[in-house]
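Chain and residue survey
Okay, here's what each chain looks like letter by letter:
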Amino acid sequence: MSSNGIPSLQVDGTGLNVTVIAGSWHEEISNGLIAGAEKALAESGATFTTVRVAGSFELPVAAGAALEAGADAVVALGVIIRGGTPHFEFVSDAATSGLTQVSVLTGKPVGFGVLTLDDEAQGIDRAGLPGSREDKGREAAEAALHTAVLLRSL
């Protein structure tokens, strides 16, 4: 598991406005990711809103709109499970590249919580659900908060 060596990124998010944007595919996993992100944001003191998009492909455009509308950070959450066609690679690359571009162009952080998986079991193990070994929604929110606070201090 990649959770070995995970940093502690607990941050005071007071005064930060964060938008959580989540894809709608694979609802059980997506809901777990959202719950983890929302819990981390609430514990930090940040204000936040959560919106759903159709899928991971739509995350970059929604993230850009949220940041341009005044959000200090975005937490992007999605679930992409490998199938029998190249579609997985196209969507994974578009989401990853698009979210990176949005962050660089806006100068604001995007917490990356897009799971690229071989099967559903891998997602359940990372979704912060009871029995999960990891909580990637929480991790993405903590990364976004940490970066937003860092950027304010630079």
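The notes below deal with the structure included here. (Residues numbered from 1 in each chain as written. Predicted model: local features only at pLDDT ≥ 70, side-chain atom pairs only at ≥ 80, totals over all residues. Heavy atoms only, no water.)

Focus on the nonpolar core
- V18, V75, L77 and L145 are the most contacted members of the largest nonpolar core, which has 25 residues in total.
- Secondary-structure elements contributing two or more residues to this core are β1 (17-23), α1 (27-44), β3 (73-81), β4 (110-117) and α5 (136-153).
- The leading source of residues in this core is α1, at 6 residues.
- Discounting residues that sit within four places of it in the chain, L145 has contacts with V11, G13, L16, V18, A40, L41, S44 and A46. (Core = buried A, V, L, I, M, F, W, Y, C linked by side-chain atoms within 4.5 Å. Buried < 20%, exposed > 50% of the residue type's maximum accessible area, 1.4 Å probe, protein only. Helix = DSSP H or I, 4+ residues; strand = E, 2+ residues; numbered from the N terminus. Contact = heavy atoms within 4.5 Å.)

Structural notes on the environment of A143
- Relative to the assigned elements, A143 resides in helix α5.
- Since its relative accessible area comes to 31%, A143 is described here as partly exposed.
- Sequence-wise, A143 and G113 are 30 residues apart; in three dimensions their C-alpha atoms are separated by 9.7 Å.

Some points on the sheet that holds strand β2 (residues 47-53)
- With parallel pairing, 4 strands are arranged side by side in an open sheet as β2-β1-β3-β4. Each having just a single partner strand, β2 and β4 make up the two edges of the open sheet. Taken over all neighbouring pairs, the strand axes of this sheet differ in orientation by 10 degrees on average, direction set aside.
- By the bridge criterion, 5 bridges tie β1 to β3 in an arrangement that is parallel. Bridging from a neighbouring strand, I21 pairs with A76 of β3.
- Against the sheet, helix α3 (residues 87-106) contacts β3 and β4, and its axis sits at roughly 170 degrees relative to β4. (Pairing = 2+ DSSP bridges. Axes fitted to C-alpha atoms, helices over the stretch in contact; angles between N-to-C directions.)

In short, shape yes, function no, at least from these values alone.
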